[in-house]
Amino acid sequence: MLLILILLQNGCQFWRRTGVSSASTIASRQYVQQAVDAIQLENHSEATQKLALALKANPDNYEARAMYADTLWENGDVENGILEMQRVVQHEDATAEMFLKLAWMYYETEEWGLAQKYLNQGLQQNSTLADAWVLQGKIFQKQNDSPRAIAAFHQAIYYNPEESKAALYLADEYLLTQRPQRALETIQVALSKFPPSQEPVEMLYREGLAMSHLKRHADAVEILTAATEKMAGKQLFSPEDEQKVLLALAEAQYQAGRYADAIHTAFRGLEVGPYNQRCAQLVRQIQEKGITADVQPQIGGSVAIPTHTP
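About the thresholds
Residues numbered from 1 in each chain as written. Predicted model: local features only at pLDDT ≥ 70, side-chain atom pairs only at ≥ 80, totals over all residues. Heavy atoms only, no water. Helix = DSSP H or I, 4+ residues; strand = E, 2+ residues; numbered from the N terminus. Buried < 20%, exposed > 50% of the residue type's maximum accessible area, 1.4 Å probe, protein only. Contact = heavy atoms within 4.5 Å. Areas by Shrake-Rupley, 256 points an atom, 1.4 Å probe, with all protein chains shown as cover. pLDDT = per-residue confidence, 0-100. Salt bridge = Lys/Arg side-chain N within 4 Å of Asp/Glu carboxyl O. 1 Å grid on protein atoms, 1.4 Å probe; cavity = no way out; pocket = protein on both sides within 12 Å on 5 of 7 lines; lining within 4 Å. Points joined across faces, edges and corners; volume = space filled by probe spheres on them. Nonpolar A, V, L, I, M, F, W, Y, C, P; charged D, E, K, R; others polar. Expected span 1.5 Å × (residues − 1). Phe/Tyr/Trp six-rings, centres within 6.5 Å; stacked < 30°, edge-to-face > 60°.

Things to note about the overall build of the protein
Of the regular secondary structure elements, the protein holds 17 helices and zero strands. Residues classed as buried in the protein amount to 46% of the 310 residues present. Sequence-distant contacts, at least 24 apart, represent 53% of the contacts inside the protein between residues at least 6 apart. Of the accessible surface of the protein, which amounts to about 15900 Å², a share of 48% is contributed by carbon and sulfur atoms.

A word on the confidence of the model for the protein
In the predicted model, the protein carries a mean pLDDT of 86, and the fraction of residues at 70 or more is 86%. When mean pLDDT is taken per element in the protein, helix 9 (residues 130-142) scores highest with 98 and helix 2 (residues 13-18) scores lowest with 44. Contacts of residues 11-20 to residues separated by more than four positions or lying in other chains number 21 contacts, the stretch itself having pLDDT below 50. Scored below 50 in pLDDT, residues 295-310 shows 29 contacts in the model against residues more than four places distant or in partner chains.

Notes on the pattern of salt bridges
Under the defined criterion, the tally for this structure stands at twelve salt bridges. A salt bridge links Glu 84 to Arg 87, with the shortest nitrogen-to-oxygen separation between them at 4.0 Å. Separated by three residues within a single helix, Glu 84 and Arg 87 lie in helix 6 (residues 78-89), roughly one turn from each other. You can call Arg 87 partly exposed: its relative accessible area is 47%.

Side note on the layout of surface pockets
What the second largest pocket holds in volume is close to 190 Å³. Along its surface, the second largest pocket is lined by Leu 209, Ser 212, His 213, His 217, Leu 224, Ala 248, Glu 251, Ala 252 and Gln 255. Broken down by secondary-structure element, the contributors of at least two residues to the lining of the second largest pocket are helix 13 (201-213), helix 14 (217-231) and helix 15 (239-255). Grouping the constituent residues of the lining of the second largest pocket by class yields four nonpolar, four polar and one charged.

A look at the side chain of Gln 243
Mapped onto the fold, Gln 243 is located in helix 15. Sequence-distant contacts of Gln 243, defined by excluding residues within four places in its chain, comprise Gly 269, Val 272, Gly 273 and Asn 276.

Some remarks on helix 14
Given 3.6 residues per helical turn, the α-helix brings residues three or four places apart onto the same face. Here helix 14 spans 21 Å end to end across 15 residues, near enough to the 21 Å set by a 1.5 Å rise per residue. Taken together, the buried positions of helix 14 are occupied by His 217, Ala 220, Val 221, Ile 223, Leu 224, Ala 227, Thr 228 and Met 231. On its buried side, helix 14 packs onto helix 13, helix 15 and helix 16 (259-272).

Remarks on the packing of aromatic side chains
Applying the stated rule across the entire model yields six aromatic pairs. Residues Tyr 106 and Tyr 118 carry aromatic rings whose centres are separated by 5.8 Å and whose planes lie at 10° to one another, so their mutual orientation is stacked. You can see Tyr 106 sitting in helix 7 (residues 96-108) and its partner Tyr 118 sitting in helix 8 (residues 112-125), a full twelve residues away along the chain. Taking relative accessible area as the criterion, Tyr 106 reaches 7% and is therefore assigned buried. What makes Tyr 118 buried here is its relative accessible area of 11%. An aromatic cluster is defined as three or more aromatic residues linked by ring pairs; in this entry it consists of Trp 104, Tyr 107 and Trp 112.

Details of the environment of Trp 73
You can see Trp 73 is positioned in helix 5 (residues 62-74). On the basis of relative accessible area, Trp 73 is assigned to the buried category, the value being 17%. Apart from the residues lying within four places of it in its own chain, the contact partners of Trp 73 are Val 78, Gly 81, Ile 82, Lys 101, Met 105, Glu 108 and Thr 109.

See below:
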């Protein structure tokens, strides 16, 4: 919905530029306003219907068409969302943000070449969009080009120091290329922008990973424990997200010699993901040391420790 917000902030400049006051243009504008009201109420189906009526009244309203493409996309109609956005960027007044939106659509559908094509056109109009450089970095990641991915994420942060996504992806690249100190510095700078106790889990997770890579295992345990506590009982986190944080914590606890804590955490990881091979391996390694845990699994009657992927 980022594109819709940008259009709303611009005040639908299309009508002011043209000065047209025909009945069809006025009707189109009214439908767009109704769509905006529906979006604010999170009624995306109603918004889509109103934007369709806006375009029927005035097919040349490319800003309404951009909003329509966005709502189609958000409603899961990927194909038609892309088709409408293609029509938008053909307009002579299409903005850099519109090209960028289409580029992201192609990226999400794994059309890397088309994503790069429309990203280039957006950057030609405005090379200072931080989100464009985030996308460029993501494309370079798909090409396994870490140096250029790192450069792109740095560019995104340069244009918008508050761009947290770029900091996450940059830290990932530093971890991937065995530079944990740089990863840690990147994440800690990003974390400094958040009030205490409001740090995002995904940043704490990467900070903990960097600490583990630097063999600062006790610090990693503290940070990853805070991350798991933030996730507890929250529906917005997927099982995969919870599983990876629990695994990282169990690994850190194991490396710190806190075997009883590690086996408890590994069992929690198996409750979330019963076929997590690394959690199962940790349980076996700790049990071989003669350490057991009184664990009551919450999923099913017992937690299976798999020996192979099903």
